[in-house]
Each structure stands twice: as structure tokens, then as C-alpha cells.
Amino acid sequence: MPGAAWTLEPTGGLGAAVALGDLDGDGLAEAVLGAPDRDGTGAVYLLAADAGDGDAGALADALWTGPDESAALGAVLATGDADGDGYADLLLAAPGWGSGAAWLLAGSSGGPASLDGARARLDGVAATALAVADDGSWWVGAAEAEGGRGRVLGLPGEAAGVLGDNDALAAITGEPGMRLGAALAARDGTLAVGAPATAGGSGAVFVWEADAPTDLDDAAFSAWGAVEGRAFATALALSPGGTLAAGAPGADGDAGAAWVLAP
Ligand SMILES: [Ca+2]
Ligand SMILES: [Ca+2]
């Protein structure tokens, strides 16, 4: 593959989640790779851009493991500068640890902290998607919450310590069965949240602009999958200009499709 820097020995579902960010401020992005099935606990590897080929554990500059045997650490990941200090910070989650938890690890010249040294930990959320917005707020989607309605929480970038619902700057619960929060994207004041099980699995995306969301009805716009089983908005991405890409892996009899929606 053009530009591929390295290949890694398969281990524990490595690559279930990936993120890039300059976590130590040296001007080069590091790769962060999740392996949620590794040894039951799950693991997250931090690799330098020039790590080379070989065993991921041996090459990693940092390795985090989940706090217990069902934690599935590394199922979802995100990077972004939550505290505005110029270092990318790392969001990672262990959806199987108790009722789920997500950690915000601050980047620094020494690299990111351990889980125990996290800037913040959000408890009680089995994350299915994570995102850091440009304003530093960070967002956690939990598609299986509330019996499959799904839930999205937004936390302020400066939040620290052990966090819960009371610390959230926004909390939205989905409608029955929609799996709100299965996918998230945040960019330039725009937040996009996927609900791929909406309406017989046709799926929908809800987009808020400028203001923090309060409920589904105050979304600036929404787009709907229209065809049952399409699973529209299973994956989302936003460009800096506000262009939204949405994947629909169930489209056309599981052939899948993606849409790009211009603002
Ligand atoms: Ca770096
Ligand atoms: Ca930072």
C-alpha cells in the first residue's frame, strides 16, 4: 500500500479503532491502535510514525491495558486537543468495564499519561463512539444505552476528575431502538451523531451547529436512510468546511454505500 509505514503482527483485534495525533508535541503524529480483544482486557498501543514492522507490543512507545478481563479497552478511540495546550489528547474507552468508562489522557512532551493519571474519567457509559471537537469539548456516544435508544454526552474540555452525567454540557437520549451515538463526528462547531437503527434500520444522522444540542428536535438538520436495513450513519466524518460523509453498510443488500452531504 503506498505510504504504509509498517505492518504489525495480528493481536487481539488490533485495528478495531485507530486514531492519529501529535500527543507529545514533536510535530509528528503518533498512531494509536485499539485491540479490544487482547487478553480479554483489551489494549491500546501508541506507535511512532517510524515504528517499523513487527510485534505491536514490542514496537509500542506506550501500551494501555483494560482494568479487568471484560473491559474491551480500545474498542473506540479519538484524539484532539481538549485542553487547548497544543498537545493532542487521547480519548479511549472500556465499554465492558462495569457499566463502561471513558478516559481523557492529556498529551504532553513526555507523551500521554497512564489510565490512573488520566485528566478525566467518565463513568457509566459503554462508549460506541468518541470525538473531540475543535472547541475542546469531547463527546461520547453509547448506542446500547437506555435499552437501545442510545445516548450522547458532551463534556467540557476543561473537565477533570471522575465525571458523570452531572458534568455533561449536553446529554441527548434517542428514541426507542434507534441506537443514537453509534457514530459521532465533530468539526468547526458542527456535531454529527448517527442513529443507524432508526426506522427499521434505515438509519439517520442528526447535525447540530454552533449551539450545544439539547434534544433531537433542535438539530439544525437531519438526514434519513429512507430504506429499511440500510444502516445509514453507521460511520460518519466531517470535513473542516462542514461536508459530511456517512456510511451505510446495509445498503443494497449489504453491498453498502456512502453518501457525501455538502453543507
Ligand atoms: Ca508526536
Ligand atoms: Ca491537549
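Since the structure is predicted, the reported quantities are computational estimates derived from the model, not experimental observations.

A. Spatial organisation of the domain arrangement of the chain. Its domain assignment divides the chain into domain 1 (1–127) and domain 2 (136–263). Computed from C-alpha coordinates alone, the two centres of domain 1 and domain 2 are separated by 22 Å. Those elements that provide at least two residues to the side of domain 1 that touches domain 2 are strand 7 (101–105) and strand 8 (120–123). Among the elements that make up the side of domain 1 that touches domain 2, the one with the highest residue count is strand 8 (4 residues). Partitioned by chemical class, the residues of the side of domain 1 that touches domain 2 number 9 nonpolar, 3 polar and 5 charged.

B. Spotlight on the pairing of strand 3 (residues 43–47). Counted residue by residue, strand 3 has 5 buried out of 5 residues, so it is predominantly covered. Residues Ala43, Tyr45 and Leu47 of strand 3 are buried on one face, and the alternating residues Val44 and Leu46, pointing to the opposite face, are buried as well. Bridge count between strand 2 (residues 30–35) and strand 3: 5 bridges; the pairing is antiparallel. In the sheet register, Leu33 faces strand 3, and the bridge partner there is Tyr45.

C. Focus on the sheet that holds strand 11 (residues 151–155). An order of 9-10-11-13 is seen for the 4 strands of this open sheet, with the pairing classed as antiparallel. This sheet does not close on itself; its edge strands, each paired only once, are strand 9 (129–132) and strand 13 (170–173). Each strand axis lies, on average, 10 degrees off the axis of its neighbour in the sheet, ignoring direction. Sheet topology note: the strand 9/strand 10 (residues 138–142) ladder contains 4 bridges and is antiparallel. Residue Ala129 lies in a different strand from strand 10, and its bridge partner there is Gly141.

Parameters at a glance
- Residues numbered from 1 in each chain as written.
- Chains lettered and ligands numbered in written order.
- Predicted model: local features only at pLDDT ≥ 70, side-chain atom pairs only at ≥ 80, totals over all residues.
- Domains from an automatic or database assignment.
- Helix = DSSP H or I, 4+ residues; strand = E, 2+ residues; numbered from the N terminus.
- Nonpolar A, V, L, I, M, F, W, Y, C, P; charged D, E, K, R; others polar.
- Buried ≥ 20, exposed ≤ 12 C-beta atoms within 10 Å, placed from the backbone.
- Pairing = 2+ DSSP bridges.
- Axes fitted to C-alpha atoms, helices over the stretch in contact; angles between N-to-C directions.

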